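Given next are the chains, with one letter for each unit.
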Amino acid sequence: MAKFKDVNIDAEIDRLAEQFKDRISKEPQSFLERFTKIMFFQEPDRMPVSTTVHQFSARIAGITIRELCTDAKKMLYAQLYTAVKFKMDTVVNLSDLYNFEPEALGAKMSYPENSWPVILEPLIKEPKDLEKLEIPDFTKAGRGPYVLEGNRLYLEKLGNYGLLSIVANGPWTLAVQLRGFNNLVKDTRKNPGFVERLLDFCVGVIEVFVKTQREAAGIAGVPTINDAFSCIPPASPQIVYDYVFPYTAELIKKLGMALWIGGYPVCEIPQWEQIVEDMVTKSGTQMGFLIMLESDWMPAEKIKEISNRLRKPLAFGVGSSLISKGTPKEIENYIKSKIKILGPGGGCVVISDPIPIDTPTENFETFINSIKKHGKYPIAIE
């Protein structure tokens, strides 16, 4: 782990940014070019390396997670340090993903030194509390300024060599954060009208948050809508069809386009294939994301068939447990086997679930290098 020196942070950011840009400038294609070709069912020079390094980047760069989540300059330093050290295709401009909107709305937060921020209690204890909430000014409220400053620094230091991530919650996940999961599920049975009003409000909050980020950055970037609570489980298929798909589609329609990470099954259920199809057809997302967790019950062959038939790109995620607990050989063999099936003809990418903080550096390096090694086009894996 690096030993972070606060007094050198500006010089270190500049040095790391130049190192990253120098390496990327020598690549035959950029991350964006590779990713775009995949999305349009074309073959780039190789599969792009797409990974989410949050807590892991803090550990590698020698800062606390609290610092990662509250200091935009330290966040960028940690992400640059990690991208340079492991020769990543792009620099991530992220810390935690799920707490910005609730905090800006007034949720009480706790910031442990080495774990994610925590919402201490739901803002909406009773349905009538919804009427007290107003869409916040994200240039001032909560950590809105932190997000905007991180985006500004990212564009300033990396320019066209970076790919700025505009992040937000999904409507269902934001509703869970404001109301509490158990309360919200009960509301779907006892007070569905309130749930609909709450989700309408959440769509409005997220739309403004994304719009604020776009305006501050001066770009119409494609936002990533993070929606973990909409997956099955914890949500049920009925909730996904009644509440998640409709309000996600409404949000994406307002945003113009978005990459939505949610709504997919994380355990084997009889109708999983239909849910995956509906996930990309009913939500309006530009690309569907599927993250494998503890078992590999979702065959890559079926994912490829669905993607090709619907002409909808899908991202197949390697579970965090394999990356953090597996051996390097297990990680490489798994990635190789998935690329062999998913890679040809474009349309599918192999990505990672967020990298856990305790992941061995050799394992993370293996993940990066395995995609670079086996994801070269044309795919020719025996």
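The structure presented is a predicted model; accordingly, all values stated were derived computationally and were not measured.

Draft legend 1. Quick peek at the overall build of the chain. Within the chain, the regular secondary structure consists of 16 helices and eight strands. By the compact-globule yardstick of 21 Å for 382 residues, the chain fits well, its C-alpha radius of gyration being 20 Å. Based on the C-alpha atoms only, the size of the chain along its principal axes is roughly 55 × 55 × 35 Å. Burial analysis of the chain (382 residues in total) assigns 57% to the buried set.

Draft legend 2. Local environment of the pairing of strand E5 (residues 259-262). Of the strand pairs in this sheet, strand E4 (residues 223-227) and E5 are connected by four bridges, and their pairing is parallel. The residue of E5 that forms the bridge with Ile225 is Trp260. Crossover handedness for the path E4 to helix H11 (residues 237-255) to E5: right-handed.

Draft legend 3. Molecular detail of the side chain of Ser307. The topology assignment puts Ser307 in helix H13 (residues 300-310). Here Ser307 falls in the buried class, since its relative accessible area comes to 1%.

Draft legend 4. Region of the structure containing unusual backbone geometry. At the junction of Pro233 and Pro234, the peptide bond is cis and its omega measures out at 20 degrees in the coordinates. As for its position among the elements, Pro234 is in the loop between E4 and H11. The phi torsion at Phe41 lies on the positive side, around 60 degrees, for a residue other than glycine. As for its placement among the helices and strands, Phe41 is situated in the loop between helix H2 (31-39) and helix H3 (55-61). What makes Phe41 buried here is its relative accessible area of 12%. Positive phi, close to 55 degrees, is recorded for Arg311, a residue that is not glycine. Position of Arg311 among the secondary structure elements: in the loop between H13 and strand E7 (314-318).

Draft legend 5. Structural context of the nonpolar core. In this structure, Trp172, Leu198, Met279 and Phe367 are the most contacted members of the largest nonpolar core, which totals 127 residues. Top element by residues in this core is helix H10 (residues 192-217). It accounts for twelve residues. What Leu198 contacts, discounting residues up to four positions off in sequence, is Ile124, Leu130, Ala175, Leu178, Arg179 and Leu184.

Draft legend 6. Here's a closer look at the pairing of E7. Here E7 lies mainly inside the structure; five of its five residues are buried. Here E7 shows a buried face lined by Leu314, Phe316 and Val318 and a second buried face lined by Ala315 and Gly317. As paired strands, strand E6 (residues 288-291) and E7 are joined by four bridges and run parallel to one another. Directly across from Gly288, in E7, lies its bridge partner Leu314. Where E7 and strand E8 (residues 348-352) come together, five bridges link them in parallel fashion.

Draft legend 7. Summary view of the pattern of salt bridges. On inspection of all chains with the given rule, the structure shows 26 salt bridges. Note that Lys125 and Glu121 form a salt bridge whose closest N and O atoms lie 3.3 Å from each other. Judged by relative accessible area, Glu121 falls into the partly exposed class, the value being 32%. Asp187 is the partner of Arg179 in a salt bridge, and the nearest nitrogen-oxygen pair spans 2.7 Å. Judged by its relative accessible area of 6%, Arg179 falls in the buried class. With a relative accessible area of 7%, Asp187 lands in the buried category. Beyond isolated ion pairs, a larger network of salt bridges with shared partners links Asp14, Glu149, Arg152, Glu156 and Lys157.

Draft legend 8. Fine view of the packing of aromatic side chains. Scanning the entire structure with this criterion turns up 13 aromatic pairs. Judged by centre distance (5.9 Å) and plane angle (45 degrees), the rings of Phe56 and Phe86 are tilted. Here Phe56 is found in helix H3, whereas its partner Phe86 is found in the loop between helix H5 (72-85) and helix H6 (100-105), with 30 residues between them in sequence. Comparing Phe56 with Phe86 shows no difference in burial state: the two are buried. What links up through ring pairs into an aromatic cluster is the set Phe100, Phe138, Tyr146 and Phe209. If you follow Lys85 out to its NZ or CZ, it ends over the ring of Phe86, 5.7 Å from the centre. The ring of Phe41 is capped by Arg311, whose NZ or CZ atom sits 3.9 Å from the centre of that ring.

Conventions used here
Residues numbered from 1 in each chain as written. Predicted model: local features only at pLDDT ≥ 70, side-chain atom pairs only at ≥ 80, totals over all residues. Heavy atoms only, no water. Helix = DSSP H or I, 4+ residues; strand = E, 2+ residues; numbered from the N terminus. Rg over C-alpha atoms; globule rule 2.2 N^0.38 Å. Buried < 20%, exposed > 50% of the residue type's maximum accessible area, 1.4 Å probe, protein only. Pairing = 2+ DSSP bridges. Right-handed = clockwise from strand over helix to strand, strands pointing away. Core = buried A, V, L, I, M, F, W, Y, C linked by side-chain atoms within 4.5 Å. Contact = heavy atoms within 4.5 Å. Salt bridge = Lys/Arg side-chain N within 4 Å of Asp/Glu carboxyl O. Phe/Tyr/Trp six-rings, centres within 6.5 Å; stacked < 30°, edge-to-face > 60°. Lys NZ or Arg CZ within 6 Å of the ring centre and 35° of its normal.

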